[in-house]
Number of protein chains: 2
Amino acid sequence: MRVFLVGEASTHRDDLTAGMDTHLRDRIEIVDLPREAAHDSVHDHLIAPDDIVVSLRMNRGGAPLPRMRMLHVPGAGLDGIDLKALDPDVVLCNVFEHEIPIAEFTLASMLEWEIDLAGMKRGFTPETWPDIYRERVPHGEIHGKVLLVLGYGRIGQAVAARAAAFGMVVLAVDPMLADKADPQNVAAEIAPPARLAELAARADYLVVTCPLTESSRGSIGRTVLKALGSEGVVINVSRAEIVDEDDLYVALTAGTIRGANLDVWYRYPKGSDDRVTPSQHDFHALPNVRATPHSSAWTRELSHRRYAVIAANIAALIRGEPLRNQVRTAR
Amino acid sequence: MRVFLVGEASTHRDDLTAGMDTHLRDRIEIVDLPREAAHDSVHDHLIAPDDIVVSLRMNRGGAPLPRMRMLHVPGAGLDGIDLKALDPDVVLCNVFEHEIPIAEFTLASMLEWEIDLAGMKRGFTPETWPDIYRERVPHGEIHGKVLLVLGYGRIGQAVAARAAAFGMVVLAVDPMLADKADPQNVAAEIAPPARLAELAARADYLVVTCPLTESSRGSIGRTVLKALGSEGVVINVSRAEIVDEDDLYVALTAGTIRGANLDVWYRYPKGSDDRVTPSQHDFHALPNVRATPHSSAWTRELSHRRYAVIAANIAALIRGEPLRNQVRTAR
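Residues numbered from 1 in each chain as written. Chains lettered and ligands numbered in written order. Predicted model: local features only at pLDDT ≥ 70, side-chain atom pairs only at ≥ 80, totals over all residues. Heavy atoms only, no water.

Remarks on the overall build of chain A
Rules: Comment: elements are numbered from the N terminus, with helices defined as DSSP H or I runs of at least four residues and strands as E runs of at least two. We call two residues in contact when some of their heavy atoms are within 4.5 Å. Accessible areas in this description were obtained via Shrake-Rupley with a 1.4 Å probe; residue shielding takes into account the shown protein chains only.
Scanning chain A from terminus to terminus reveals ten helices and 13 strands. For the C-alpha atoms alone, the extent of chain A along its principal axes is close to 70 × 50 × 40 Å. For chain A, long-range pairs separated by at least 24 residues make up 63% of all intrachain contacts whose partners lie at least 6 apart in sequence. Of the accessible surface of chain A, which amounts to about 13,400 Å², a share of 51% is contributed by carbon and sulfur atoms.

So, in structure tokens, the structure goes:
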């Protein structure tokens, strides 16, 4: 049995084997495939029905994906997989573990808007010390500020738990949990999506942590941004398209909102030669945008945790035991 | 009755009067004094025994301080006041409220060491996007890391409570609380100062939150820094002299420790013309030092909260009611 690691996954061979015992390591052959194997059928003949593929993306533009035993996505999002083109006999699993680093990234972002450590450091030298000390400009606190989490799943709850420890007021919008009691007893209110603008009007920070679905796509547009207001900040750590690209750019340039942390983008490179820009607008050039390259979850610890889950799932598959995070069961 | 606001305090006249009713405002006269009035007796003849002085510092180099009714320090630290030179009839109060911003600053600092948002932003442009996205360098997490708090009072506990929400392991060193149960049930262990080096050896972050006393002065020196080790970071938000100036500089330049956030300094400007440098060493020039100008607590919200307490204490003093944070009772 072969385990194909496609594109970025191939850099985690050590993380994967670290979670395997000798017996398992002897039974499998690990094979790297280039990033193009996610989008191009040229490597499909290598993949046998008994093999496992680890890849964030698998799409042939609608044409059938190769037969395999298991497709293990080494992330949470399934939007890179053409599910309709995947044979129903293929076991499909994903993996989480990213709520920890995403929550840390989100709190770091909110704290940076209030404190501006980078700005504090800039301009403070031994020579300027006496003047700087006398003329210190006070900064802000997240304590008492209002956080609105759009999507109260694993990530939203991880953000909320930490924010609550800082004394932030937590509001959430979630279609499944609306008007129910918060399982972790942190949110002051969980409202349905129809009330997003109303809650945004009370928020200092609007953090996007919901999945991209047909109903979440574009759900943050002109109306919600206007409600968030000139003191409000958008932090998107989920999928770019949940926030309307044009409306966001207009709101940021017009000062309708205070600013944004954008870690997810409207266009991603597909092959190695793809020179696509992250958006049709130059968000990077705006002084009130903190643009990062889809890095919020990207920690060393995340890979260790994720590939440990994948290794355990490969072992379980071989032994016929139950799998973790199985998205659909083979027919 | 006059209320003298010395130096920086004079910039908070609005914060002070915001917390006063009309009746109180009519009974007092608020007078600004320059920063020099803290160190120079030239303005002392203005201050009558019935007056109130609000000042972070009061020192005549050993000579007696002027008689007044109350000296209200608008901060927590009393090291700027020559207590022996203050008439025992003077009521002395201080004020806290800074544990919130200091804890936020400390968490922001730890998160920045792990995540490096500033570094993520740098170099990410529309043109570099495809390459940056493919070659993202993973960062770290504070989750699971070990925090050692030196001084488990208001500030240490505020830092610890937030750190625990991130899944950090919290250790504390405190002479008063050693070997007792943590009042907020967060620290895995509270040890006496004699065990500082032992606990430092287990820590990723050593945060200094104790007051400067004869026993805390220089308590972080060569031995503790060596124990902290090349992966360890010192964050000092208390008083510089708790960390030995020479030993810290050597440890930072030699790579004995990973780095430091230094928000407090070895030398402060006294008068307006004082061009003193913050240290005899050029900590600013070191790439592993994040130097900030004693700003960790310096928030807009802090001033609102603190001057509200001072206003309430002035009102209570006039009415003969109990005061908050009275350091010593008039004879």
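A short note on the relation of the copies chain A and chain B
Note: a rotation about an axis with an accompanying shift along it relates these two copies of the chain. Our working definition: Fitting of the copies onto one another was done by least squares over C-alpha atoms, counting residues only where both copies have pLDDT of at least 70.
Aligned on chain B, chain A shows an RMSD of 0.0 Å; the corresponding rotation is 180° and the shift along the axis is 0.0 Å. As the rotation angle and translation indicate, the two copies are arranged about a two-fold axis. Counting the interface residues of chain A, we find that 100% of their copies in chain B are interface residues as well, pointing to one common contact surface.

Regarding the packing of helix H6 (residues 154–165) of chain A against helix H6 (residues 154–165) of chain B
Which entries qualify depends on this criterion: Whenever a helix is involved, its axis is fitted only over the stretch in contact; in every case the axis is a line through C-alpha atoms, and angles between N-to-C directions fall within 0 to 180 degrees. By definition in this entry, angles of less than 35 degrees are roughly parallel, angles greater than 145 are roughly antiparallel, angles of 65 to 115 are roughly perpendicular, and the rest are oblique.
Look at H6(A) against H6(B): their axes get within 8 Å of each other, and the N-to-C directions meet at 175°. The angle between H6(A) and H6(B) falls in the class roughly antiparallel. Contacts between H6(A) and H6(B) involve A:Ala161, A:Arg162 and A:Ala165 from the first element and B:Ala161, B:Arg162 and B:Ala165 from the second.

Examining the sheet that holds strand S9 (residues 205–208) of chain B
Residue and element names in this part refer to chain B. Where we set the bar: At least two DSSP bridges between two strands are required for those strands to pair.
Pairing is parallel across the open sheet formed by seven strands, whose spatial order is S8-S7-S6-S9-S10-S11-S12. Of all strands in the sheet, those bounded by a partner on one side alone are strand S8 (189–191) and strand S12 (289–291). Sheet twist, expressed as the mean angle between neighbouring strand axes with direction ignored, is 15°. Strand direction decides the pairing type here: S9 and strand S10 (residues 233–236), joined by four bridges, are parallel. Pairing of Val 207 across the sheet is with Ile 235, part of S10. Seen against the sheet, H6 touches strand S6 (146–150) and strand S7 (169–173) and runs at an angle of roughly 170° to S6.

Some words on the nonpolar core
Let me state the cut-off plainly: The set of buried Ala, Val, Leu, Ile, Met, Phe, Trp, Tyr and Cys residues whose side-chain atoms join them within 4.5 Å is what this entry labels a nonpolar core. Each residue gets one of three labels from its accessible area relative to the maximum for its type: buried under 20%, exposed over 50%, partly exposed in between, using a 1.4 Å probe on protein chains only.
Ranked by internal contacts, the top residues of the largest apolar core, which has 66 residues, are A:Leu147 and B:Leu147. Residues in contact with A:Leu147, not counting those within four places in the same chain, are A:Met110, A:Val159, A:Ala160, A:Ala163, A:Met168, A:Val169, A:Val170, A:Leu171, A:Tyr205 and A:Val207.

Observations regarding the interface of chain A and chain B
Our working definition: Using a 1.4 Å probe, buried area is obtained as the accessible area two parts lose upon being combined, added over both of them. Throughout this description, the term salt bridge denotes a Lys or Arg side-chain nitrogen within 4 Å of a carboxyl oxygen of Asp or Glu. As used in this structure description, the phrase polar contact means that two N or O atoms lie within 3.5 Å; if the pair is within protein, one of them must be able to donate a hydrogen and the other to accept it, and residues adjacent in sequence are counted only when both atoms belong to side chains. Think of it as three bins: nonpolar holds Ala, Val, Leu, Ile, Met, Phe, Trp, Tyr, Cys and Pro, charged holds Asp, Glu, Lys and Arg, and polar takes everything else, Gly as well.
If you look at the interface, chain A gives 66 residues, while chain B gives 66 residues. Of the roughly 6,100 Å² buried between chain A and chain B, counting both surfaces, carbon and sulfur atoms make up 61%. When the buried area of chain A at its contact with chain B is split by residue, A:Trp129, A:Arg134 and A:Arg136 rank highest and sum to 12% of it. The tally of links between chain A and chain B comes to six salt bridges. The salt bridge involving B:Glu141 is made with A:Arg305; its shortest N-O contact spans 2.8 Å. Connecting chain A to chain B are 29 residue pairs in polar contact (both at pLDDT 80 or more). Of the residues in the side of chain A that touches chain B, the class split is 30 nonpolar, 14 polar and 22 charged.

What to know about the domain arrangement of chain A
Often, the extent of an interface is quoted as the loss of accessible area on bringing the components together. Residue and element names in this part refer to chain A. Spelled out, the test is: Start and end positions for the domains come from either an automated domain assignment or a database one.
Here chain A is partitioned into domain 1 (2–97 + 300–328) and domain 2 (99–291). If you average the C-alpha positions of domain 1 and of domain 2, the two centres end up 32 Å apart. Between domain 1 and domain 2, the contact holds eleven residues from the first and nine residues from the second. Buried area between domain 1 and domain 2, summed over both chains or domains, comes out near 770 Å², and the portion from carbon and sulfur atoms is 49%. Applying the counting criterion to the domain 1 and domain 2 interface returns one salt bridge. A salt bridge links Asp 79 to Arg 239; the shortest N-O distance between them is 2.9 Å. Summed over the shared surface of domain 1 and domain 2, the result is two residue pairs in polar contact (both at pLDDT 80 or more).

With respect to the packing of aromatic side chains
All names here are of chain A. The condition is simple: For Phe, Tyr and Trp, where Trp contributes only its six-membered ring, two rings pair if their centres lie within 6.5 Å, and the inter-plane angle classes them as stacked under 30 degrees, edge-to-face over 60, or tilted in between.
According to the stated counting rule, one finds 17 aromatic pairs over all chains in the structure shown. Their ring planes at 80° and their centres at 5.4 Å tell us that Tyr 249 and Phe 283 sit as a pair that is edge-to-face. Here the residue Tyr 249 occupies a position in helix H9 (residues 245–254), and Phe 283 occupies one in the loop between strand S11 (259–262) and strand S12 (289–291), the gap between them amounting to 34 residues. Its relative accessible area of 22% is what places Tyr 249 among the partly exposed residues. You can call Phe 283 buried: its relative accessible area is 0%.

Some points on the UniProt feature "domain: D-isomer specific 2-hydroxyacid dehydrogenase NAD-binding" (unreviewed entry) in chain A
Rules: UniProt positions are given in the numbering used here, feature names are shortened, and annotations may be inferred rather than shown by experiment.
Feature annotation in UniProt places "domain: D-isomer specific 2-hydroxyacid dehydrogenase NAD-binding" (unreviewed entry) on residues 110–295 of chain A, given in this structure's numbering. Secondary structure across residues 110–295 of chain A comprises 27% helix and 15% strand; the distance between its end C-alpha atoms is 16 Å.

Describing the pattern of salt bridges
This structure, assessed with the given rule, holds 37 salt bridges over all chains. Across the pair A:Asp51 and A:Arg2 runs a salt bridge, and its minimum N-O distance is 3.2 Å. Of this pair, A:Asp51 sits in the loop between strand S2 (29–33) and strand S3 (52–54) while A:Arg2 sits in strand S1 (residues 2–6), and the two are 49 residues apart along the sequence. Judged by relative accessible area, which is 2%, A:Asp51 ranks as buried. Taking the shortest distance from any N to any O, the salt bridge between B:Asp131 and B:Arg134 comes out at 3.8 Å. A residue pair is termed a helical-turn pair when its members lie 3 or 4 positions apart in one helix, as B:Asp131 and B:Arg134 do in helix H5 (residues 129–134) at three residues. The partly exposed category is assigned to B:Asp131, whose relative accessible area is 31%. Three or more residues are tied together by salt bridges with common partners; here these are A:Glu97, A:Arg305, A:Arg324 and B:Glu141.

What to know about the environment of A:Leu171
Residue and element names in this part refer to chain A. Mapped onto the elements of the fold, Leu 171 is located in strand S7 (residues 169–173). Along the sequence, Leu 171 and Leu 148 sit 23 residues apart, while their C-alpha atoms lie 4.6 Å from each other. In this structure Leu 171 touches Val 146, Leu 147, Leu 148, Val 149, Ala 188, Glu 189, Leu 199 and Arg 202, once residues within four positions along its chain are discounted.

Some words on unusual backbone geometry
Residue and element names in this part refer to chain A. In the Ramachandran plot, Asp 179 falls in the positive-phi region, its phi being about 65° despite a non-glycine side chain. Of note, the phi angle at Asn 325 is positive, near 55°, even though the residue is not glycine. With respect to the helices, strands and loops of the structure, Asn 325 is situated in the loop between helix H10 (300–319) and strand S13 (326–328).

Focus: H6(B)
Residues and elements named next belong to chain B. Going by this rule: A helix is expected to span 1.5 Å for every residue after the first.
With twelve residues, H6 should cover 16 Å at 1.5 Å per step; its first-to-last C-alpha distance of 17 Å lies within 8% of that length. Along H6, the residues classified as buried are Ile 155, Gly 156, Gln 157, Ala 158, Val 159, Ala 160, Arg 162 and Ala 163. In the stretch just after H6, Gly 167 is the one whose phi turns positive, near 80°.

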